[in-house]
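# Structural features, examined
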Amino acid sequence: MAALRRIPGERGGWWHAYVCPAHGVELDHGDVLAGVFPEGGARCAHGCRVDTPAVRGAWVVLSHQAWARHLRVLAHRGQRAEAVTRLVEYAGLYASLATERHGEAQGWMLRGRLFHQALTDAIWAVNIGHTVITLAEDGTDGLAAVLPLLDDLERAALDARGVLTGRGQLASNYTAWLNAAGASASRAASAARGLEWDGAKQWLEGEHGLYAHLRVAVADDGWEWEGSTYYHGFVLRAALLALRSTDPSAVPSDVAGVLAGMTDALAAIATKGGILPALHDGPYLRSALALEWLELVALAQQLVPADGLDAVASRARDELGPHDDGLDRELGGWFAGPPLPRRAAPDGVTVFPAAGYGVLRAAGIHALLDFGPHGGSHGHRDKLSLYLYGATTPWQPDPGQVPYAHAEFRDLYASTEAHPAFRVDGAEQAECEGALLASDDRSVTAEVTTAYEGVRAVRRVVAADCYLVDLLSVTGREAHRVTGQLRPGTALDVQQQADGPVRTTWYGDETLHGWHTHTPGTEVRPFSRPGPGPADDPQRTRTWVDFTAEAERITFASVYQAASAGPAVTGVRLDGEELTVELADGSAARFGTGS
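Below is a summary of the structure that appears in this document. No experiment lies behind these values; they were computed from the predicted model shown.

Here we take up the packing of aromatic side chains. This structure, assessed with the given rule, holds 15 aromatic pairs. Between tyrosine 90 and tryptophan 124, the ring centres sit 5.0 Å apart and the planes meet at 75 degrees, which makes this aromatic pair edge-to-face. Of this pair, tyrosine 90 sits in helix H2 (residues 80–97) while tryptophan 124 sits in helix H3 (residues 118–136), placing them 34 residues apart in sequence. Residue classification places tyrosine 90 among the buried positions, given a relative accessible area of 0%. Between the aromatic rings of tyrosine 230 and tyrosine 231, the centroid separation amounts to 4.9 Å while the plane-to-plane angle is 85 degrees, which identifies the pairing as edge-to-face. Each member of the pair, tyrosine 230 as well as tyrosine 231, carries the same accessibility label: buried. Following the ring pairs from residue to residue traces out a cluster consisting of Tyr90, Tyr94, Phe115 and Trp124. Across the ring face of tryptophan 15, the terminal group of arginine 286 is positioned such that the distance to the ring centre comes to 3.9 Å. Its end group placed over the ring of tyrosine 404, arginine 410 keeps NZ or CZ at 4.0 Å from the ring centre.

The next thing to look at is the packing of H2 against H3. The N-to-C vectors of H2 and H3 enclose an angle of 140 degrees; their axes lie 11 Å apart at closest approach. Judged on the interaxial angle alone, H3 and H2 are oblique. Here H2 and H3 pass one another in a crossing that is left-handed. In contact with Arg80, Ala83, Val84, Leu87, Tyr90 and Tyr94 of H2, H3 contributes Asp121, Trp124, Ile128, Thr131, Val132 and Leu135.

Let us now look at the sheet that holds strand S18 (residues 578–583). With antiparallel pairing, the three strands of this open sheet are ordered in space as S17-S18-S19. The open sheet has two free edges, formed respectively by strand S17 (569–575) and strand S19 (588–592), since each of these has just one partner strand. Strand-to-strand twist in this sheet, taken as the mean axis angle between neighbours without regard to direction, amounts to 15 degrees. The sheet contact formed by S18 and S19 spans five bridges and is antiparallel. Each bridged residue has a counterpart across the sheet, and for glutamate 578 the counterpart in S19 is glycine 592.

The subject of this paragraph is empty space enclosed by the protein. With a probe scaled to a water molecule rolled over the atoms, the places where space remains empty come into view. What the rule picks out here adds up to two cavities of 30 Å³ or more. When its volume is computed, the largest cavity comes out at roughly 80 Å³. Taken together, Pro397, Pro399, Tyr413, Ala418, Arg487, Pro488, Gly489, Pro532, Gly533, Pro534 and Trp544 make up the full set of residues lining the largest cavity. When grouped by side-chain class, the residues that make up the lining of the largest cavity number eight nonpolar, two polar and one charged. The computed volume of the second largest cavity comes to approximately 40 Å³. Lining the second largest cavity are Tyr230, Gly233, Phe234, Arg237, Leu289, Glu292, Trp293 and Leu296. For the lining of the second largest cavity, the secondary structure elements donating two or more residues are helix H8 (229–242) and helix H10 (287–303). Per-class residue counts for the lining of the second largest cavity are five nonpolar, one polar and two charged.

Let us now look at the side chain of threonine 175. Tracing the sequence through the fold places threonine 175 in helix H5 (residues 173–193). The buried category is assigned to threonine 175, whose relative accessible area is 0%. Within polar-contact distance, the side chain of threonine 175 engages the backbone oxygen of glutamine 169 at 3.1 Å. Discounting chain neighbours no more than four positions away, the residues touching threonine 175 are Arg161, Leu164, Gln169, Leu170, His208 and His213.

Looking at where threonine 541 falls in the secondary structure, it is placed in strand S16 (residues 541–562). Setting aside residues up to four positions removed in sequence, threonine 541 forms contacts with Pro530 and Gly531.

Rules used in this analysis
- Residues numbered from 1 in each chain as written.
- Predicted model: local features only at pLDDT ≥ 70, side-chain atom pairs only at ≥ 80, totals over all residues.
- Heavy atoms only, no water.
- Phe/Tyr/Trp six-rings, centres within 6.5 Å; stacked < 30°, edge-to-face > 60°.
- Helix = DSSP H or I, 4+ residues; strand = E, 2+ residues; numbered from the N terminus.
- Buried < 20%, exposed > 50% of the residue type's maximum accessible area, 1.4 Å probe, protein only.
- Lys NZ or Arg CZ within 6 Å of the ring centre and 35° of its normal.
- Axes fitted to C-alpha atoms, helices over the stretch in contact; angles between N-to-C directions.
- Parallel < 35°, antiparallel > 145°, perpendicular 65-115°, else oblique.
- Left-handed = near helix turned anticlockwise from the far one by under 90°.
- Contact = heavy atoms within 4.5 Å.
- Pairing = 2+ DSSP bridges.
- 1 Å grid on protein atoms, 1.4 Å probe; cavity = no way out; pocket = protein on both sides within 12 Å on 5 of 7 lines; lining within 4 Å.
- Points joined across faces, edges and corners; volume = space filled by probe spheres on them.
- Nonpolar A, V, L, I, M, F, W, Y, C, P; charged D, E, K, R; others polar.
- Polar contact = N/O pair within 3.5 Å; in protein donor to acceptor, adjacent residues only side chain to side chain.

Have a look at this one:
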C-alpha cells in the first residue's frame, strides 16, 4: 500500500532551525509529503532524535515547499485532478491560517503569513503560481476555486515588497523572490480567468519591479552584490521563474546583459566536472540545492545558454540519485521565443573585480582567489583565501555554511580559522575588502590592508603550463605571529622533509601534489591538527595545516601540481622575492611575489 500523503494543516516556521543542536547537520527530512512530523523526532545522521517546536516548525516549511513543488510536477505530467484538488485544499488552508503576518517570527525577519518569513511565503507562492499556469494551458476547469488564493498571494507579495523597499532595500535578494511571487501569482490568476496578463508593469518593469531590482543588485562584473554562490543563483533563479512566457528579445537590453553576466559568473567558477564552489554563505551539499541548480540550468539554457552549466546540471543529478523528481526535464518552452546568443566559454583566467574573485585554470587545477567585499550578512572573514579543485575533487574548497539557526557552527564556518586564508596573532580578520593589484592571462594578484591593523597582505597566484604557483606575503610595522592556512576538503598527507619544502598529497577522484616553502632565514612551524570538514557535516574530520612564523615580513610559497600533469615538479626554492620551480625535463621558471 502506498504511503498516505497529506498537506500539513499548520503554518510553517523557519527552515534554518532544522538542524541538530549537537552535531550541526541538517536533520533528515523523512517523508515530507506525508504531512506528519517524523515519529519519535527528526533523525540526525549521528544518531540523535530532535523534537522541539522550532524543529517542528522548520519541518512544516520543508513539507509545504515540497508539496508546492510536487504540484508543479503533477501539473506538467497531466495529473490534473490531483493537482487541482490539492490547490483547492491549499486555498482553504491559506484562507484560514494566513489571515495576518506571522506572530511567532523573529524580530529581524520580514514577517510572512503562512511562514515566519515573507521570503519563504514567496518561494512557496512561485511554485503554486506556476502550477496553475501549467494547468491553465490545458483549460481553466476547476481553477476558479483557486483564484482567491492567487489574489491573496499577489497582495501579500505587494505588501511585503512595499515594506522592504520602504526600508531602501530594493537590492535585497528577498525583492527578487517577492517580484517572482507577484508575477507568478498574478499571471496564474489571469490564466485561470482566461485573460491576458497585464502585470508586467507592476512586477517586471515598475519602479520596484524585477528589472529595477536586477539593475541595482548585480554589479558590472555579473555578480549579485553579496558575492555568495548560493544567493547569486537564488536571485537568478527567481528572475528566470518570473520571466516565464516572456520573449527573450523583449527583455530590456541592459537587463538581458545582467542575466547573461550572472550565468557567465556561474559558468566561470564551475569546475569542468560541475562543482560550484560554495562561496560565502550557502549550503556546501544539499539535495534541495541540487534540485534548485537543475531548475536554474534548465531555464538559463533557454534564455542565455552557457557551456559550463551543463556540467553543473550533470553533477547535481548525480548528487540527487533517487531523490531527483525530474521537474527540470518538464520545463521546455519556458520562454516565448528563441534564446539569446550563446555565451563564450571562460578564459584560462577570469577576474571579477567587483565581487573580488579571480579564477585560474592550470593543467587539472581549478583555483579561486577571494579578495572582494565582505558581502553583508552573508559574508565570511576569508580575505585572500585560495580554493583548489580538480574537475570533480574539492581539494581545498570553500567549506560552505550550516543552517543559520546553529549559532556556534554558523560563526565557525564564517570565520578566518575555517578558511584557507591568513591569520595574524591568532585573531580573526576584520570584515573588510581587498583590492585587485594586477591580472593578466596567467595570474591574479590581490592585497588586503584592513584585515588587521598595520598589516598588509598580498597574494599572487600564477597558472603555469603544468602547475599552479601561490605566493602569499604578509608585512607588518612590527613582528607578528603570521599563519598561512591549508584547509583540505579531502584526505591530506603532510611530509616534513629533512631538507627542502614541506610536501603535501591531496586525495580524491584526482590527486594533487604540493610543495611549501617560505622566506629563507625565517623559522616556520608547520602544524597539522584535526579540524572539521565542509559544513554539510561538521563532525567529519579533516587535517588542517597551519604554517606559522614570528616575523615583520614573511612570504609563504606553494606550488601545486595535479598528478595527471607533467613534466613533474622536481624542485621549489624561494630566494628573496623570487620563487624558482624546476621540472623533470630540466627546465625552470621564476616567479616574483608581486608585493
